[in-house]
Amino acid sequence: MIHARWPRIGEQVNMTPEGQQRWQTTVVQDRRGDLLAVATPAPYVGKDDVRPGQRWIVRYVDAMGEYRFTAVVRTVEQRPVALTWLELADEIEAVQRREHVRFEVRLPARIWVDEDEGEGRAGTGRGQPGSGGGDTGGADSSGLPAATVDISGGGARLRVAKQLPPARFYKVSIQLPDGPVVSRARVIRSCEQRLPDGRTAHHYALAFENLRMADQDRIVRFIFAEQRKLRRRGLS
């Protein structure tokens, strides 16, 4: 089990009564010893739904992953601000490490054979057909068009219309909202999917090789931002 820090004052957390899936977003307001005060979620303010002795599940995320713990309600304050004081009931657990947080999403991508069998630099575009090497500019203009099926900080699953040529390493460019991530990758498994129109789609599970930490951070931030959007809409 991986242990994590307490949420910080001012940090956003999600919480739900134990055994339910009624996640509400709130913010940490104070901490005193082993007690943590959060703003009582709006739907519960002024009601008896939050009671001393009640157990809640609290979860939050940071750049290292998603964390969760069970807490017991100790006191509930209504004035001057509606606060719920929680006491940790068990250890804080990392439910997903950053490189393993996998998110299903369709993102435009390109993939091509990495012709440089040396160590290379992830994200340089070396080996890209027609690139002349060295720069990520035009990284999405060559190679086979593809789309992600899912993505994580450690790799991605791509759907490609054509079968990839055999190679030890590939370069992949995946378009995030803030720009492309380009990395060397290796195929760890593949399969074919027969589409309703009779065509065949090729699926490749890729592991990133030498991905820059800054780019991994971008991927993880994107995943967590999308997960928060789904939670606010009640879809996760």
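If you're wondering where the values come from, they're calculated on a predicted model, not measured in any experiment.

Undergrad: Can you help me understand the overall build of the protein chain in this one?
TA: Tallying secondary structure elements over the protein chain gives one helix and 14 strands in all. In the protein chain, which comprises 236 residues, the share counted as buried stands at 45%. In the protein chain, once contacts between residues fewer than 6 apart in sequence are set aside, the share between residues at least 24 apart is 59%. Counting every atom, the protein chain has about 12,400 Å² of accessible surface; 47% of that belongs to carbon and sulfur.

Undergrad: What exactly am I supposed to notice about the pairing of strand β10 (residues 144-151) here?
TA: On any regular strand, side chains alternate: one points to one face of the sheet, the next to the other face. Both strand β8 (residues 103-104) and β10 contribute to a ladder of two bridges, which runs antiparallel. What sits directly across from Glu104, in β10, is Asp150. Here strand β9 (residues 108-113) runs beside β10; their pairing, made up of four bridges, is antiparallel. Within β10, the residue paired with Pro108 across the bridge is Ala147. Inspection of the sheet shows β10 paired to strand β11 (residues 155-160) by five bridges, in the antiparallel sense. Each bridged residue has a counterpart across the sheet, and for Ala147 the counterpart in β11 is Arg159. Hairpin remark: β10 followed by β11, antiparallel, with three residues in the connecting loop.

Undergrad: Explanation requested: helix α1 (residues 213-232) in the structure shown.
TA: Three or four residues apart is the spacing at which side chains of an α-helix point the same way, because the helix has 3.6 residues per turn. Given a rise of 1.5 Å per residue, 20 residues ought to cover 28 Å, and the 28 Å separating the end C-alpha atoms of α1 matches this to within 8%. All of the buried residues along α1 are Asp215, Gln216, Arg218, Ile219, Val220, Phe222, Ile223, Phe224, Glu226, Gln227 and Arg231.

Undergrad: Is there a simple way to think about the packing of aromatic side chains in this case?
TA: The relative placement of two aromatic rings is captured by the distance of their centres and the angle of their planes. Under the definition given, this model contains four aromatic pairs. An angle of 50° between the planes, with centres 6.0 Å apart, marks the rings of Trp6 and Phe69 as tilted. With Trp6 in the segment before β1 (12-17) and Phe69 in strand β5 (residues 65-77), the pair connects residues that are 63 residues apart, well separated along the chain. The buried category is assigned to Trp6, whose relative accessible area is 15%. Relative to Phe69, the ring of Tyr60 lies with its centre 6.4 Å away and its plane at 70°, an arrangement referred to as edge-to-face. On the accessibility criterion, Tyr60 (2% relative accessible area) is buried. Through successive ring pairs, a cluster of aromatic residues spans Trp6, Tyr60, Tyr67 and Phe69. The ring of Trp23 has Arg59 lying over it, and the distance from NZ or CZ to the ring centre is 3.7 Å.

Undergrad: Where do I start with the pattern of salt bridges in this structure?
TA: Any two side chains of opposite charge can pair if their charged atoms end up close together. Throughout the structure, instances matching the rule amount to 11 salt bridges. As a salt-bridge pair, Arg184 and Asp114 come within 2.8 Å of each other at their nearest N and O atoms. Within this pair, whereas Arg184 is found in strand β13 (residues 179-194), its partner Asp114 is found in the loop between β9 and β10, the two being separated by 70 residues in sequence. Assessed through its relative accessible area of 4%, Arg184 is described here as buried.

Undergrad: Even after reading the chapter, I still don't get the nonpolar core, so can you show me in this structure?
TA: Taken as a class, soluble globular proteins show a tendency for nonpolar side chains to be buried jointly. By size, the foremost hydrophobic cluster in this structure holds 28 residues, and its most contacted members are Ile151, Leu158, Ile174, Ile219 and Ile223. Counting residues per element, the ones that place at least two in this core are β9, β10, β11, β12 (170-176), β13, β14 (200-209) and α1. For this core, the leading source of residues is α1, giving five residues. Aside from chain neighbours lying at most four places away, what touches Ile174 is Leu107, Pro108, Ala109, Thr148, Ile151, Ala156, Gly179, Pro180, Val181 and Phe208. Listed in part, the 18 residues of the second largest apolar core include Val13, Met15, Val38 and Leu86.

Undergrad: For this particular structure, what's the right way to read the side chain of Asp215?
TA: Relative to the helices and strands, Asp215 is located in helix α1. Once you skip the residues sitting within four places of it in the chain, Asp215 turns out to touch Val181 and Val182.

Undergrad: Hey, could you run me through the environment of Pro166 in this one?
TA: On the secondary structure map, Pro166 appears in the loop between β11 and β12. Judged by relative accessible area, Pro166 falls into the exposed class, the value being 81%. Taking C-alpha positions, Pro166 is 8.3 Å from Val113, a pair spaced 53 residues apart along the chain.

Undergrad: Even after reading the chapter, I still don't get the confidence of the model for the protein chain, so can you show me in this structure?
TA: Regions with low pLDDT carry predicted coordinates that are not meant to be interpreted in detail. With 82% of its residues at a pLDDT of 70 or more, the protein chain has an overall mean of 81. This model gives residues 118-141 a pLDDT under 50, and the stretch forms 54 contacts once residues within four places in sequence are excluded.

Calculation notes
Residues numbered from 1 in each chain as written. Predicted model: local features only at pLDDT ≥ 70, side-chain atom pairs only at ≥ 80, totals over all residues. Heavy atoms only, no water. Helix = DSSP H or I, 4+ residues; strand = E, 2+ residues; numbered from the N terminus. Buried < 20%, exposed > 50% of the residue type's maximum accessible area, 1.4 Å probe, protein only. Contact = heavy atoms within 4.5 Å. Areas by Shrake-Rupley, 256 points an atom, 1.4 Å probe, with all protein chains shown as cover. Pairing = 2+ DSSP bridges. Expected span 1.5 Å × (residues − 1). Phe/Tyr/Trp six-rings, centres within 6.5 Å; stacked < 30°, edge-to-face > 60°. Lys NZ or Arg CZ within 6 Å of the ring centre and 35° of its normal. Salt bridge = Lys/Arg side-chain N within 4 Å of Asp/Glu carboxyl O. Core = buried A, V, L, I, M, F, W, Y, C linked by side-chain atoms within 4.5 Å. pLDDT = per-residue confidence, 0-100.

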